[in-house]
Amino acid sequence: MVTGARPRWGRAEGVPLHMAEIRFILIQNRAGKTRLAKWYMQFDDDEKQKLIEEVHAVVTVRDAKHTNFVEFRNFKIIYRRYAGLYFCICVDVNDNNLAYLEAIHNFVEVLNEYFHNVCELDLVFNFYKVYTVVDEMFLAGEIRETSQTKVLKQLLMLQSLE
Amino acid sequence: MTVVECSSYQSTVVGVGDTAVDLDVPVCIQVAWHLQSHGAAFGTFPWAGKSKEAEIKRINKELANIRSKFKGDKALDGYSKKKYVCKLLFIFLLGHDIDFGHMEAVNLLSSNRYTEKQIGYLFISVLVNSNSELIRLINNAIKNDLASRNPTFMGLALHCIANVGSREMAEAFAGEIPKILVAGDTMDSVKQSAALCLLRLYRTSPDLVPMGDWTSRVVHLLNDQHLGVVTAATSLITTLAQKNPEEFKTSVSLAVSRLSRIVTSASTDLQDYTYYFVPAPWLSVKLLRLLQCYPPPEDPAVRGRLTECLETILNKAQEPPKSKKVQHSNAKNAVLFEAISLIIHHDSEPNLLVRACNQLGQFLQHRETNLRYLALESMCTLASSEFSHEAVKTHIDTVINALKTERDVSVRQRAADLLYAMCDRSNAQQIVAEMLSYLETADYSIREEIVLKVAILAEKYAVDYTWYVDTILNLIRIAGDYVSEEVWYRVIQIVINRDDVQGYAAKTVFEALQAPACHENLVKVGGYILGEFGNLVAGDPRSSPLIQFNLLHSKFHLCSVPTRALLLSTYIKFVNLFPEVKATIQDVLRSDSQLRNADVELQQRAVEYLRLSSIASTDILATVLEEMPPFPERESSILAKLKKKKGPSTVTDLEETKRERNVDVNGGPEPAPASASAVSTPSPSADLLGLGAAPPAPAGPPPSGGGLLVDVFSDSASAVAPLAPGSEDNFARFVCKNNGVLFENQLLQIGLKSEFRQNLGRMFIFYGNKTSTQFLNFTPTLICSDALQSNLNLQTKPVDPTVDGGAQVQQVVNIECVSDFTEAPVLNIQFRYGGTFQNVSVKLPITLNKFFQPTEMASQDFFQRWKQLSSPQQEVQNIFKAKHPMDTEITKAKIIGFGSALLEEVDPNPANFVGAGIIHTKTTQIGCLLRLEPNLQAQMYRLTLRTSKETVSQRLCELLSEQF
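It should be emphasised that the depicted structure is a prediction, and the values quoted were computed from it without experimental measurement.

What counts and how
Residues numbered from 1 in each chain as written. Chains lettered and ligands numbered in written order. Predicted model: local features only at pLDDT ≥ 70, side-chain atom pairs only at ≥ 80, totals over all residues. Heavy atoms only, no water. Helix = DSSP H or I, 4+ residues; strand = E, 2+ residues; numbered from the N terminus. Buried < 20%, exposed > 50% of the residue type's maximum accessible area, 1.4 Å probe, protein only. Expected span 1.5 Å × (residues − 1). 1 Å grid on protein atoms, 1.4 Å probe; cavity = no way out; pocket = protein on both sides within 12 Å on 5 of 7 lines; lining within 4 Å. Points joined across faces, edges and corners; volume = space filled by probe spheres on them. Nonpolar A, V, L, I, M, F, W, Y, C, P; charged D, E, K, R; others polar. pLDDT = per-residue confidence, 0-100. Contact = heavy atoms within 4.5 Å. Axes fitted to C-alpha atoms, helices over the stretch in contact; angles between N-to-C directions. Parallel < 35°, antiparallel > 145°, perpendicular 65-115°, else oblique. Left-handed = near helix turned anticlockwise from the far one by under 90°. Pairing = 2+ DSSP bridges. Salt bridge = Lys/Arg side-chain N within 4 Å of Asp/Glu carboxyl O. Polar contact = N/O pair within 3.5 Å; in protein donor to acceptor, adjacent residues only side chain to side chain. Core = buried A, V, L, I, M, F, W, Y, C linked by side-chain atoms within 4.5 Å.

Trainee: For unusual backbone geometry, give the residues involved together with the corresponding values.
Mentor: Here the phi dihedral of A:H116 falls at roughly 50°; this positive angle occurs in a residue that is not glycine. Relative to the elements of secondary structure, A:H116 occurs in the loop between α2 (97-114) and α3 (120-125). Unlike most non-glycine residues, B:R149 shows phi in positive territory, near 65°. Tracing the backbone shows B:R149 in the loop between α6 (135-146) and α7 (151-164). Exposure remark for B:R149: the relative accessible area of 65% places this residue in the exposed category.

Trainee: Hey, could you go over helix α25 (residues 485-497) of chain B for me, with residue numbers and the actual values?
Mentor: The end-to-end C-alpha distance of α25(B) is 18 Å, a good match for the 18 Å that 13 residues give at a rise of 1.5 Å each. Regarding α25(B), the residues found buried are B:E485, B:E486, B:V487, B:W488, B:Y489, B:R490, B:V491, B:I492, B:Q493, B:I494, B:V495 and B:I496.

Trainee: Give me empty space enclosed by the protein: which residues, what numbers.
Mentor: Scanning all chains against the criterion turns up 14 cavities of 30 Å³ or more. The calculated volume of the largest cavity comes to roughly 270 Å³. If you go around the largest cavity, you meet 24 residues; those closest to its centre are A:T132, A:D135, B:G155, B:L156 and B:H159. Counting residues per element, the ones that place at least two in the lining of the largest cavity are α4 (127-137) and α5 (148-160) of chain A together with α5 (114-127), α7 and α10 (188-204) of chain B. The class makeup of the residues in the lining of the largest cavity is 10 nonpolar, 10 polar and 4 charged.

Trainee: So, the confidence of the model for chain B: which residues are in play, and what are the values?
Mentor: Residue and element names in this part refer to chain B. Mean pLDDT over chain B works out to 83, with 86% of the residues at or above the 70 mark. Across chain B, the element-wise mean pLDDT spans from 35 in helix α35 (residues 653-661) up to 97 in helix α14 (residues 281-291). Counting interchain partners and residues more than four positions distant, the pLDDT-below-50 stretch residues 1-49 has 97 contacts. Segment residues 648-718 is flagged for pLDDT under 50; beyond a separation of four residues in sequence, or across chains, it makes 158 contacts in the model.

Trainee: Describe the packing of helix α27 (residues 520-533) of chain B against helix α28 (residues 545-556) of chain B, and please don't skip the residues or the numbers.
Mentor: Residues and elements named next belong to chain B. Packing of α27 against α28 leaves a shortest axis separation of 11 Å and a crossing angle of 150°. Classified by the angle their axes make, α27 and α28 are roughly antiparallel. As for how α27 packs across α28, the hand of that crossing is left-handed. Taking contact as the criterion, the partners of V523, G526, G527 and L530 in α27 are, on α28, Q548, L552 and K555.

Trainee: Mind laying out the sheet that holds strand β8 (residues 808-817) of chain B, listing which residues take part and the relevant values?
Mentor: Residue and element names in this part refer to chain B. The strand order across the open sheet formed by 5 strands is β3-β4-β5-β8-β7, and the pairing between neighbours is antiparallel. In the strand order of this sheet, the two ends are held by β3 (740-744) and β7 (792-796), each with one partner. Recorded for the sheet is a direction-independent mean angle of 25° between the axes of neighbouring strands. The sheet contact formed by strand β5 (residues 760-769) and β8 spans 9 bridges and is antiparallel. If you follow I765 over to β8, its bridge partner there is Q811.

Trainee: Residue-level account of helix α26 (residues 502-513) of chain B, with values.
Mentor: Count 3.6 residues to each turn of an α-helix, and residues three or four apart come out pointing the same way. All names here are of chain B. In a regular helix each residue adds 1.5 Å, so 12 residues correspond to 16 Å; α26 covers 16 Å between its end C-alpha atoms and thus fits that length. Buried within α26 we find Q502, A505, A506, T508, V509, F510 and L513. As for α26, its buried residues are in contact with α24 (465-479), α25, α27 and α28.

Trainee: Please provide a residue-by-residue account of the sheet that holds strand β2 (residues 34-39) of chain A, values included.
Mentor: All names here are of chain A. Taken together, the 5 strands give an open sheet; going across it, the order is β2-β1-β5-β4-β3, and neighbouring strands pair in antiparallel fashion. Each end of this open sheet is capped by a strand with a single partner; those strands are β2 and β3 (69-72). With direction set aside, neighbouring strand axes in the sheet form an average angle of 20°. Two strands pair when backbone bridges link them, and strand β4 (residues 75-82) and strand β5 (residues 85-92) are joined in this way by 8 bridges, in the antiparallel orientation. Within the sheet, the bridge partner assigned to Y79 lies in β5 and is C88.

Trainee: If you had to explain the pattern of salt bridges to someone new, which residues and values would you point to?
Mentor: Within the structure shown, the criterion is met by 53 salt bridges over all chains. In this structure, B:R407 and A:D63 form a salt bridge, with 2.8 Å as the shortest nitrogen-oxygen distance. You can see B:R407 sitting in the loop between α20 (396-405) and α21 (409-422) and its partner A:D63 sitting in the loop between α1 (45-60) and β3, one on each of two chains. Classification of B:R407 as partly exposed rests on a relative accessible area of 49%. Of the charged contacts in the structure, one is a salt bridge between B:E349 and B:R303, with a shortest N-O distance of 3.8 Å. A residue pair is termed long-range when its members are at least 10 positions apart, and B:E349 in the loop between α16 (326-346) and α17 (350-363) and B:R303 in helix α15 (residues 300-318) qualify at 46 residues. Salt bridges linked by common partners bring A:E21, A:R23, A:D92, A:E142 and B:R203 together as one network.

Trainee: So, the side chain of B:S323: which residues are in play, and what are the values?
Mentor: Residue and element names in this part refer to chain B. Mapped onto the fold, S323 is located in the loop between α15 and α16. In this structure the side chain of S323 is engaged in a polar contact, spanning 2.9 Å, whose partner is the backbone nitrogen of K325. Among all residues touching S323, those that are not within four sequence positions of it are F277 and H328.

Trainee: Account for the nonpolar core, with residues named and values stated.
Mentor: Among the nonpolar cores identified, the biggest contains 267 residues, and A:F138, B:I142 and B:L475 are the most heavily contacted of them. Here the element with the most residues in this core is α2(A); it accounts for 11 residues. When near neighbours in sequence (up to four residues on either side) are disregarded, A:F138 contacts A:I22, A:I25, A:Y40, A:I89, A:A103, A:F107, A:I143 and A:R144. Core analysis: the next-biggest nonpolar cluster, separate from the first, contains 61 residues, B:F743, B:L747, B:Y833 and B:L930 among them.

Trainee: Describe the packing of α27(B) against helix α29 (residues 561-577) of chain B, and please don't skip the residues or the numbers.
Mentor: Each packed pair of helices is defined by two parameters, the angle between the axes and the distance between the axes. Residue and element names in this part refer to chain B. With their axes 8 Å apart at the nearest point, α27 and α29 run at an angle of 20° to one another. Taken together, the axis directions place α27 and α29 in an arrangement best described as roughly parallel. The handedness of the crossing between α27 and α29 is left-handed. On α29, the residues touching E520, V523, K524, G527, Y528, L530, G531 and E532 of α27 are T563, L566, L567, T570, K573, F574 and L577. Per-class residue counts for the contact of α27 with α29 are 7 nonpolar, 4 polar and 4 charged.

What follows is the structure, given as structure tokens:
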């Protein structure tokens, strides 16, 4: 077996195989109740339940001195806690942690504006609106729109149709 | 970080009517209120007082009510239908099964009211699985909405496709969506959705999304005025570019200029897209990721502009923050880290690499844990670049400190990773010592990994093997439970192969065994090494044969069966090494606890060893129990284990699912890798003498239980990928030549060089890793069908299972043609890249004509033989259209390349080509004549082959016809 010198192409053309893609978004409260579950991959119901429980278990044991990132199976969870709610995004290990961390915050600020001081029950009773907000901001596992102004404008327009 | 107050539980339900359904109140609040007012308890809601049973009872009642409404004689109006479908959804989301209402939901899709449509689509997205019978109806509704020109409805329909993403939907809409995406009059928000919807379909069913005119227009969306459109389009382009880099090449310069405009903009320029004073951070990240699909731009202007962008981003990191908010620094650093990833990916600008390293160095001591973590992680990749390796090393003290003091175990783990990555000969002793001392207090979760790392570093950078032996024994002492078989097998292998360390090893294990409580792994290593090399220290009265034996035997009864089996082998080796303890050992073997041991293996060993020691002569004993021969040098199986650990060893369902849509190189299915826990390690019989269950000849072969000799971690299954696209074309190109590139994708290049003489040949296969990441478990396999196997003999050796980033490995295949053959062997390559399993199959161009020997002959001879081969089975003819320009010189070259002699002035028609040669096989030689008649006018050829064997004529004709 001979290991030759660098082949002529150098290493520059190496391509990271999977690129940014959200696998799922979960909002859970401290007790583990799911307030939103948005899946961007096919899972069966049992698997979803298992994931929900596992995410809850890994996230809730962490404190403020810990990072906002946890390795999770072959992925990672980027999460942030707001009062009693954990907002968790599951992405590939080579994805940009801080970009998703701020994507969560951006999302929360939109919810807060839209529901005028959002609280946990807003998410429960207005679940169908929350799904709309999610779809405006994240679609197909990608960040779709980041401008709070644009998202809110669109949400108000949709609200006017109700 | 709390920006949201979560105090007002009541506020949400204030103003909701008591029991009556109030039409002005959003329907879901009504649902909740309705249920609540009947006393249902919902899980952990603050007011929930009733039991789970009560909740179920209440819900069943509600479900019955809804069911009766749906079944009722009175047709429901849209509003009621929506209300009940929404209730069903709510109940489903509370965790209860829903098995009806689908039809009503589908009906809502055709409503003209937004709210009704929206609930319908939501129900479909959440509850309808792709193989539902309703899919046709749903698709129909989606189709109408897509055609409606109502942006709201189009948006709903596109989101539904993006959320469900089934194959049926791809079949129905993959053609339509690109049109919506690039149409001039499509609204911006619809474009955004269409781009991502298409991305989803491309991920689930890439075969159904045809590339076409739209692709170039999609690339130009990078120039779009609306940054939201650019954001969505960048994701789409990035994914498409990974698979079709050529087609999307122009995206590089567009992405660079877009990025440049963003990073140089004043913080207010982008208005809506400025986030805490950072201009368009997410879009910047996406653009930087898109650029990571490509090498550094070739155009100097573009390249210069990109370098400027990257420098600007690095400069900004040094500027004072525009805000104290963490959002500001996070957004800014998100872009910075992505820029650093790109710099590392390009690995071509030493200046940028060193600047990146310095920046990360600052973060190593930042007060934010997130930043320290990310800096460690990012520096780990930087350590592998030759330009920045030294710069990374300067941070060693900080990293060691992090390993000792970080509170978050995941940060410590990154620190350990980085130490491992920055280790080289100059600092190996320090790093290994630090890791060893960390091991004493390390979290259980990462001990095994640290053990593997220490073992690898100690071996890799051992100048002095006594240091290596000490290190491994320390490992066993500190973390014996975490020292896997691979590690202790390896130390034995190394000691056996290096006679300069054997005496030291014997002395050291003897001393280590003196400890009153030593780990069983130490007993194993000690037993094995003393059994082989105990004689080297037996001269010292403090470690005389009897003392050695007594020391080992004092541990015997506390050990597990496999270790005891190993010790019995040590004892019989002692019988050979030290005749003076033979009687003592025979007594031990003869004792009831051995001869009548309940364990079959132990009993059998005792019986056989006792017998062997009694009847065999000294000479026979010496032969049978000779020192182990050196092990063949091979890659450390520890390394394989570590890679396995770091890689996808924890195969989970998530990974399973991921695999389904994940990129195999050419779409082959991934075989199920053995999960970490189910890895079939060799049975721990510790059968180091190779005695196994095959009595009674304990001679020679290296240990059968030694996992070193078997790559136990290779994936168990090995489904072979279907042939890579283009494989046939490439195969055809090699019919007339022997060298060149057989296969190439973004990761891997396979080059060939081959030579043939008579019926023998040798092929050199070069596997080049085009990436900067190691390939793991790299396993090329040659596959021959049964029919082919009997006609073609292929022999090769396995290659090293790791292929470093940028490296090339070579494999030699020795070829023997036994008899003529038609098929070609398939070369299947499986490996792991990053987290993904790759599976590539290509046809290996070993063709019958390679065994041609040209034969020169005169015109007369030629036609005489031609006539001799005139029976119908001997001749095969093919008339075909020219696929390439009909150039005489090229044709000549091809015929010569094919292997036959090109006979000039033989054919009366000078435009024709004739050739002759002999195919050599082991069993026979076959004379072959060929004639190629071009017809320039018709752009056709007629090819005639005459050989003494029908199958040969047939095959040669097939092969050669493909060439013109």
